[in-house]
Each structure stands twice: as C-alpha cells, then as structure tokens.
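Fold and geometry: a report
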Amino acid sequence: MGSRDSEMEGQENILQEIFDNFLRGSTVFKRREALRHDYVPDSLPHREDHIRHLAEILAPALRGSLCSNVLIYGKTGTGKTAVTRFVSKKLAERAEVLGSSLKICFVNCRIAGTQYRVLSALCSEIGLRVPFTGLAVGEVFDRFKQALDSRQVLLIAVLDEIDTIVRNRGDALLYELTRANANLQNGKLSILGISNDLRFKELLDPRVMSTLSEEELVFGPYNADELQNILEARARIAFEDNVLKQGAVKLCAALAAAEHGDARRALDLLRVAGELAERNGDKHVSEDHVRRAEKRIEHNRVAETIKTLPTHSKIVLLSVYLLNRSNINRSATGDIYNLYSELCAELGFGSLTQRRVSGLINELDVIGLLNSRVTSLGRYGRTKKTSLAVPHKIVRDGFLEDDRFRGMVDYTPRYLSSSL
DNA sequence: CGTCCACAGGAATGACGGGCGG
DNA sequence: CCGCCCGTCATTCCTGTGGACG
C-alpha cells in the first residue's frame with residue numbers, strides 16, 4: 001500500500017475541487033430538477049391525444065358526477081404517470097375554482113407496500129385520520145366509506161404501479177374498492193389504475209377487471225425523434241444557455257430509443273451527463289459525457305443489484321463471471337453448477353441443488369444480469385446456455401464493491417483445470 | 001429413424017419466519 | 001400475547017424434449 005499517501009492527496013484535491021465548484025455555483029445547470037422524473041412540466045410533447053382522452057374521461061367529476069374507472073397501461077418511461085399527474089393537477093385547479101368537493105389522491109402502490117398503507121393514504125386525503133397500525137383492513141375500509149359518505153366527497157383514487165399490490169397481496173382491496181359505490185349515498189369513488197405490466201389483466205378476478213377497466217388507455221413507447229423533442233424541451237429549462245452540445249441530446253434520445261423508448265432513461269442520461277461535466281469543471285456537455293453517463297448508470301445499477309442479491313445468487317453470478325473470464329462465454333448449466341459447488345465449498349457455504357441453481361439462473365436472467373436460453377446439443381444433451389448480460393468489467397467492478405466477494409474476482413477455479 | 005444425452009421445468013412437499021386476527 | 005396462517009425458499013421426484021449420432 002505504498003500508494004496510500006498519493007491516493008489521499010488525490011482525494012484531498014478532488015474534495016477541494018468539488019467544494020470550489022459548488023461554491024462558485026453551477027455553471028452547467030439552471031434548474032437541475034427539471035430532469036428528474038417526478039418533475040411535471042407545463043407541456044408533455046407527443047402525449048396530447050392521451051391528455052385529451054383522459055381529461056374527457058375525468059371531466060364529469062367537475063359537475064360532481066361519478067366518472068368512469070380507468071386503467072392505464074404502458075412500459076416505464078412512456079409518460080403514464082406524468083400525463084396522469086398533469087391532468088389531475090389541472091382538474092384539481094379547476095375544481096378549486098368551482099368550489100367542488102372533488103379530491104384526487106395519488107398513491108404509489110409499490111412505495112406504500114401494503115394494502116393497509118394504500119388505504120390509509122386514501123383516508124388521509126379525505127381528512128380521516130387512521131392509526132399507523134393495529135386496525136383490521138376491513139375496519140379501516142368501513143371508516144373510509146363512512147367518511148366518504150358523510151363528507152360527500154367525490155374521490156378519484158390514482159393507484160400508480162397498481163400491479164405490485166395485486167401481485168403481492170391479491171386483489172382483495174381492489175375488489176372492495178370497485179364495489180364501494182354500491183354502498184354510498186352521498187360520496188363517490190372512482191379508481192384510476194396505472195400499470196407497468198401489460199399482463200396485469202391476467203392477475204385479476206374478471207369481476208374486478210371489468211369494473212376497473214371501464215376505460216383503458218395504452219401508452220406506447222416513444223421513438224427517437226419524440227424523445228429528442230422531449231429532451232430538448234426539458235433541456236431548455238434545466239441547462240444554462242449554450243452549455244449543451246447538439247449531438248449530446250441526440251445521442252441520449254438514440255440510446256433510450258434503442259431501449260424500449262424509455263423517456264425516464266433518456267432524462268437520466270442527460271442529467272448524469274450534465275453532472276459529470278459539472279464535476280469535471282467542463283463548460284459544455286458533449287456526446288462523450290453522455291457515453292460516460294451511460295457507463296456510470298449501468299455501473300451503479302449492476303453494483304447495486306449485486307449488493308442486494310441473496311448469497312447463493314451472487315455465487316451463481318460469480319461462477320458465470322469466472323467462466324466468462326476463462327473465455328467460456330456461454331456456459332452450460334452443468335458447468336456453472338460444478339463451479340458453483342466448488343465456490344460454495346471454498347467460501348464455507350452449503351450448496352443448493354442443481355434444480356434450485358437452475359431456477360436462480362432464470363431469476364438472474366429476469367433481473368437482466370444474465371442471458372440464458374435453452375439449446376439442444378443433440379447427442380450431447382439439452383441445456384441452458386448462459387452468459388453475462390452486461391460487460392465483464394462492470395460485473396467485476398460490482399463484485400469489487402461487495403465486501404464479502406471482493407476477494408473472489410481473481411479466483412482461479414480448480415474445476416476448470418481438471419476438465420479442460 | 002430411433003436412441004439417448006443432459007438437462008428443463010412442473011408438482012408436491014417441507015422448513016422457516018413474519019404478520020395478522022382473536 | 002399466542003397460535004395460526006400465509007408467503008418464501010429449497011428439496012425431491014418426476015416427466016418432457018431437440019437434435020447429433022449411430
């Protein structure tokens with residue numbers, strides 16, 4: 001560790017630079033928050049049709065009538081949440097002017113986590129206080145309906161990422177919510193569900209499904225040109241004038257378009273590119289910054305996933321990584337399993353069965369760390385061929401950030417030397 | 001053209017831990 | 001507070017299968 005001193009000195013300099021830059025004020029950003037995905041801009045390019053459609057569906061609420069339940073589908077970064085927030089904001093403003101008793105409650109089901117917390121969020125929106133815990137869900141629900149009725153509220157419940165509570169907890173809450181209107185005299189309840197999962201329908205009881213999706217909106221992905229327009233509009237708000245090079249925006253749009261047309265990803269790329277430029281003291285944000293931003297985001301994502309992976313999944317991933325390092329880039333399950341067993345012994349863990357490891361490989365495939373697909377080698381059997389889904393180096397760096405597995409990235413497998 | 005490899009992946013079952021209702 | 005129930009993880013046992021080889 002002879003380099004420790006110069007390392008410290010380097011860090012010292014870096015810190016000074018960060019502080020200096022910060023005190024000088026940002027030279028790159030005007031309003032960085034315009035690039036965050038929870039920012040609701042004044043206009044949403046290429047979503048005019050959806051905005052109009054949704055507004056038409058919800059408009060009856062202004063006259064105090066019940067409006068149709070709506071289900072909104074679309075992959076991440078297609079503007080579902082933004083359009084909903086935009087329309088509901090305008091709607092609420094108008095209701096305010098009219099003195100209507102319309103309330104709109106926005107709940108993210110994934111963040112809320114449980115049915116109870118979703119329900120308690122709805123309660124607090126209509127001014128009903130419920131305990132954090134301790135009450136049965138049914139009891140809270142009764143109080144909720146009672147309050148809706150006695151206060152004569154028309155509530156639009158926006159349930160974002162609605163598929164997550166159904167997946168984890170079943171559709172009991174949704175079933176109750178969709179039937180609530182039947183027992184209400186004065187209050188009214190409409191539900192607006194937002195789902196990332198296009199197969200969400202299949203998880204639902206058909207009765208719930210039919211009431212929930214009186215109206216349906218499907219958000220398709222953006223193409224590169226649309227993404228570019230979106231980015232340009234946001235960039236004008238977020239960046240100082242003449243900081244952003246023309247090619248940078250274009251590249252962000254192209255990269256995100258190649259990956260499901262995800263606007264969230266495009267905005268992240270642009271923001272991180274800006275941050276890199278700023279940190280570097282550069283006057284302009286260039287294509288090069290965008291490329292580095294792409295690597296940075298991928299690196300963070302992988303490192304973060306590896307860190308939170310269960311131990312045995314880590315060992316499976318490590319096995320594929322080590323095989324890859326030995327120039328075996330598409331490994332058979334049997335080979336992975338043998339190396340996995342060796343690593344378990346080496347690290348002092350008991351090893352799982354091959355059946356289970358096969359399952360873990362599939363899970364890692366779903367998360368996007370591995371690619372695996374079944375192939376037949378005829379006489380020589382039938383297996384899954386598995387490879388890393390992300391660049392070797394990024395996986396390596398990910399393991400280097402993991403305390404327990406840091407030491408294993410350069411491990412030489414015994415299993416290989418015996419079989420090759 | 002049948003065989004047979006090397007697994008895939010479904011079903012049933014068990015161990016465990018955490019939350020919920022009474 | 002306790003017992004029960006439910007979800008998760010893992011094992012065991014099993015049937016299914018694409019295609020190179022003989």
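Residues numbered from 1 in each chain as written. Chains lettered and ligands numbered in written order. Predicted model: local features only at pLDDT ≥ 70, side-chain atom pairs only at ≥ 80, totals over all residues. Heavy atoms only, no water.

Things to note about the nonpolar core
Core analysis: the largest hydrophobic core is formed by 37 residues, its most contacted members being Phe144, Leu159, Leu174 and Leu177. The contact partners of Phe144, leaving out residues within four places of it in the chain, are Leu119, Leu122, Cys123, Ile126, Leu128, Leu155, Leu177 and Leu189. (Core = buried A, V, L, I, M, F, W, Y, C linked by side-chain atoms within 4.5 Å. Buried < 20%, exposed > 50% of the residue type's maximum accessible area, 1.4 Å probe, protein only. Contact = heavy atoms within 4.5 Å.)

Notes on the pattern of salt bridges
Enumeration according to the criterion identifies 20 salt bridges in this entry. Between Arg279 and Glu275 there is a salt bridge, with the nearest N and O atoms lying 4.0 Å from each other. With Arg279 and Glu275 both in helix H13 (residues 263–280), this residue pair falls four residues apart, about one helical turn. Owing to a relative accessible area of 13%, Glu275 belongs among the buried residues under this scheme. Glu298 serves as the salt-bridge partner of Arg301, at 3.1 Å between the closest nitrogen and oxygen. (Salt bridge = Lys/Arg side-chain N within 4 Å of Asp/Glu carboxyl O. Helix = DSSP H or I, 4+ residues; strand = E, 2+ residues; numbered from the N terminus.)

Focus on the packing of helix H15 (residues 311–325) against helix H16 (residues 333–347)
Packing of H15 against H16 brings their axes to within 9 Å, and their N-to-C directions diverge by 120°. The pairing of H15 with H16 is recorded here as oblique in orientation. Judged by the sense of rotation from one axis to the other, the crossing of H15 with H16 is right-handed. Each of His312, Ile315, Val316, Leu318, Ser319, Val320, Leu322 and Leu323 in H15 lies in contact with H16, whose residues at this interface are Asp335, Ile336, Leu339, Tyr340, Leu343, Cys344 and Leu347. Residue classes in the contact of H15 with H16 are distributed as 12 nonpolar, two polar and one charged. (Axes fitted to C-alpha atoms, helices over the stretch in contact; angles between N-to-C directions. Parallel < 35°, antiparallel > 145°, perpendicular 65-115°, else oblique. Left-handed = near helix turned anticlockwise from the far one by under 90°. Nonpolar A, V, L, I, M, F, W, Y, C, P; charged D, E, K, R; others polar.)

Things to note about the protein's contact with DNA strand C
All residues adjacent to DNA strand C are Ser351, Leu352, Thr353, Arg355, Arg356, Ser376, Leu377, Gly378, Arg379, Tyr380, Gly381 and Arg382. Atoms of DNA strand C within 4 Å of the protein belong to the sugar or the phosphate in 70% of instances, the rest to bases. The contact in question runs from a base nitrogen of DNA strand C to an N or O atom on the backbone of Gly381, over 3.3 Å. In terms of residue class, the surface near DNA strand C is built from three nonpolar, five polar and four charged. (Near = heavy atom within 4 Å. Polar contact = N/O pair within 3.5 Å; in protein donor to acceptor, adjacent residues only side chain to side chain.)

A closer look at the protein's contact with DNA strand B
In the vicinity of DNA strand B there are 14 residues, among which Thr333, Arg355, Gly378, Arg379 and Gly381 approach most closely. Close to the protein, within 4 Å, the atoms of DNA strand B are drawn from sugar and phosphate at a rate of 63%. With respect to DNA strand B, the side chain of Arg355 contributes an N or O atom lying 2.8 Å from a base oxygen. Contact between DNA strand B and Gly381: a base oxygen at 2.9 Å from a main-chain N or O atom of the residue. For the surface near DNA strand B, the secondary structure elements donating two or more residues are H16, helix H17 (354–367) and strand S8 (382–388). Broken down by element, the surface near DNA strand B gets its largest block of residues, four residues, from H17. Residues belonging to the surface near DNA strand B are distributed by class as follows: two nonpolar, eight polar and four charged.

Examining the side chain of Ser331
Looking at the element boundaries, Ser331 is found in strand S6 (residues 331–332). Each residue touching Ser331, except ones within four places of it in the same chain, is listed here: Leu323, Ile336, Lys384, Lys385 and Thr386.

With respect to the sheet that holds strand S4 (residues 188–195)
Taken in spatial order, the five strands make up an open sheet running S2-S3-S4-S1-S5, and their pairing is parallel. With one partner strand each, in any of the chains shown, strand S2 (102–108) and strand S5 (215–219) form the two edges of the open sheet. Each strand of the sheet is rotated relative to its neighbour by a mean of 15°, with strand direction disregarded. The sheet strands contacting helix H5 (residues 115–125) are S2 and strand S3 (154–160), and the helix crosses S2 at an angle near 150°. (Pairing = 2+ DSSP bridges.)

Here we look at H17
For H17, with 14 residues, the first-to-last C-alpha span of 20 Å sits near the 20 Å given by 1.5 Å per residue. Those residues of H17 that sit buried are Val357, Ser358, Gly359, Leu360, Ile361 and Leu364. Of the surrounding elements, those touching the buried residues of H17 are H15, H16, strand S7 (370–376) and S8. One or two positions beyond H17, positive phi appears at Gly368, with a value near 95°. (Expected span 1.5 Å × (residues − 1).)

Some thoughts on the domain arrangement of chain A
As far as domains go, chain A holds domain 1 (48–219), domain 2 (222–305) and domain 3 (309–419). Using C-alpha coordinates to define each centre, domain 1 is positioned 33 Å away from domain 2. Between domain 1 and domain 2, the contact holds five residues from the first and six residues from the second. On the domain 1 side of the interface with domain 2, the three residues burying the most area are Thr76, Gly77 and Thr78, jointly 75% of the side's total. Joining domain 1 to domain 2, the criterion identifies zero salt bridges. Along the contact surface separating domain 1 from domain 2 lie two residue pairs in polar contact (both at pLDDT 80 or more). Looking at the side of domain 1 that touches domain 2 residue by residue, the classes come out as no nonpolar, four polar and one charged. (Domains from an automatic or database assignment. Buried area = accessible area lost by both parts, 1.4 Å probe.)

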